Amino acid sequence: MKTTMTESPKSRRSEQGMSLLAVMGMMVIFAISLLVVAPSIQQEVQREKELEAIRRGEEIAEAIRQYVVFYQGRRLPQSLDDLLDGIPQGTRKRQILRASAAIDPLSEDGKWRLIKVDPQTLARFAKRVQAFNNGLLPTNPQPQIFDRYGVVIVNAINTRTEDSDDDDAELDFEVTTDNTPFIGVASQSKSRSVVAYYGIERHSSWIFTPLFRGNGSGNTVRPPRVFVNRRPID
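Think of each chain on its own: its residues are numbered from 1, step by step along the sequence as written. Totals for whole chains, interfaces and linings use all residues, but because this is a predicted model, local features are given only for residues with pLDDT of at least 70 and pairs of side-chain atoms are given and counted only at 80 or more. Hydrogen atoms and water are omitted, and side-chain values are computed over all heavy atoms in the structure.

> Can you break down the environment of Ile200 residue by residue, with the values?
Runs of E in the DSSP output that reach at least two residues are strands. Runs of H or I that reach at least four are helices, and both are numbered from the N terminus. One can find Ile200 in strand β6 (residues 200–202). Distance from Ile200 to Phe125, taken between C-alpha atoms, is 9.0 Å for residues 75 residues apart in sequence. We call two residues contacting when some pair of their heavy atoms lies within 4.5 Å. Excluding anything up to four places from it in sequence, Ile200 contacts Phe125, Arg128, Ser193, Val195, Ser205 and Trp206.

Given below as structure tokens:
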């Protein structure tokens, strides 16, 4: 005669309770794992946005150079639309700037800040470039055209005091996004960066300009390497 063993309700409840505890334990471990990796994921996302901003900024700097060279230095672009329109080539216009580059991925409204030929603003940036380049300020591409803008900036560098290099001073700026002659662009974002551009670790202090890009032969040099956590990114 067979005897059938059955589990008691108390035993089943005990097993269910243990299973629930195991599931909760796994959920806690998973949540902790997310908390650990979240900062690195966020930093990676920020890094990619900053590298994209630098790529777009460099493209704008090159477009400005082509625009100014075409007009032999007699004319600066007044808006990004001037660059997007291109420059005359025969009966057509040659594209010098992609539409995607005209959008700043770091600014809330996506608009680049236009940098006028202002000696103080550009001198701050030029001094950072000079320090990054072992104390030497690179020449301008096509010196016969761009030196007219560079000379006043070099003079401003020589008359700057150490107090004026305070990083906080770089946060006080006017935001102009249209209808002004400009020689460069910068982000409106005042945040600290993951990436260092010319050794600069604040978005709004990155100025993308064709100035200080010469190699002494009238040609433009390769854009600077940028650094992430002090490691170069080519």
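Right, picking up where we left off after that structure.
> Describe the pairing of strand β5 (residues 192–197), naming the residues involved and giving the relevant values.
The buried count for β5 comes to five of six residues, which makes it a mostly enclosed element. Taken together, the two bridges between β5 and β6 define a ladder with antiparallel strand orientation. Of the residues in β6, the one forming a bridge with Arg192 is Arg202. For two strands to be treated as a pair, DSSP must find no fewer than two bridges joining them. What sits between β5 and β6 in their antiparallel hairpin is a turn of two residues, with Tyr198 showing a positive phi close to 55°. Between buried and exposed lies partly exposed: a residue is buried under 20% and exposed over 50% of the maximum accessible area for its type, with that area taken using a 1.4 Å probe on protein chains only.

> Can you explain unusual backbone geometry? Please cite residues and give values.
The backbone of Asn134 shows a phi angle near 60°, a positive value even though the residue is not glycine. In this structure, Asn134 sits in the loop between α3 (119–132) and α4 (143–159). Overall, Asn134 belongs to the exposed group, its relative accessible area being 72%. Phi at Asn179 takes a positive value of approximately 55°, unusual for a residue other than glycine. In this structure, Asn179 sits in the loop between α4 and β4 (184–186). On the accessibility criterion, Asn179 (65% relative accessible area) is exposed.

> How would you summarise the packing of aromatic side chains if you had to cite specific residues and measurements?
Classification of ring pairs rests on two measures: the distance between centres of Phe, Tyr or Trp rings, Trp counted by its six-membered ring, which must be within 6.5 Å, and the angle between planes, read as stacked under 30 degrees, edge-to-face over 60 and tilted in between. Counted according to the given criterion, the structure contains eight aromatic pairs. Relative to Tyr71, the ring of Phe70 has its centre 4.9 Å away and its plane inclined at 85°; by these criteria the two rings are edge-to-face. Taking the relative accessible area as the measure of exposure, Phe70 reaches 36% and is therefore partly exposed. Each ring, one from Trp112 and one from Phe208, has its centre 5.8 Å from the other, and the planes form 85°; the classification is edge-to-face. Of this pair, Trp112 sits in the loop between β2 (92–94) and β3 (113–115) while Phe208 sits in the loop between β6 and β7 (226–228), and the two are 96 residues apart along the sequence. An identical accessibility class is assigned to Trp112 and Phe208; each is buried. The structure contains a cluster of three or more aromatic residues connected by ring pairs, namely Trp112, Phe125, Phe132, Tyr197, Tyr198, Trp206 and Phe208. Sitting over the ring of Phe173, Arg113 keeps its end group 3.8 Å from the ring centre. Here, a charge over a ring means that NZ of Lys or CZ of Arg falls within 6 Å of the ring centre while also lying within 35 degrees of the ring normal. Above the plane of the ring of Phe173 lies Lys190, whose end atom (NZ or CZ) is 5.1 Å from the centre.

> Pulling in residues and values, what's your account of α3?
For an α-helix, the turn length of 3.6 residues means that residues three or four places apart are oriented alike. A helix is expected to reach a length of 1.5 Å times the quantity of its residues less one. When the terminal C-alpha atoms of α3 are compared, their 19 Å separation across 14 residues agrees well with the 20 Å that a helix rising 1.5 Å per residue should span. Burial in α3 covers these residues: Leu122, Ala123, Arg124, Phe125, Ala126 and Val129.

> So what about a nonpolar patch on the surface? Which residues, and what values?
Here the term patch refers to residues with relative accessible area over 30% and no salt bridge, with like charges joined within 9 Å and nonpolar side chains (Val, Leu, Ile, Met, Phe, Trp, Tyr) within 5 Å. Using a 1.4 Å probe, the Shrake-Rupley method yields the accessible areas, and only the shown protein chains count as cover for residues. Only one rule defines a salt bridge in this text: a Lys or Arg side-chain nitrogen within 4 Å of an Asp or Glu carboxyl oxygen. Nonpolar side chains collect at one region of the surface, where Leu20, Leu21 and Met24 lie side by side and expose about 320 Å² of accessible area between them. With respect to the helices and strands, the residue Leu20 is situated in helix α1 (residues 9–70). Assessed through its relative accessible area of 52%, Leu20 is described here as exposed.

> Explain the pattern of salt bridges to me, using residue names and the numbers behind them.
For the structure on display, the rule yields eight salt bridges. With a closest N to O distance of 3.4 Å, Arg47 and Glu44 form a salt bridge. Of this pair, Arg47 and Glu44 both sit in helix α1, three residues apart, roughly one helical turn. Residue classification places Glu44 among the partly exposed residues on the basis of a relative accessible area of 39%. What you see here is one network of salt bridges that share partners, running through Glu44, Arg47 and Glu48.

By themselves these figures say nothing about function.
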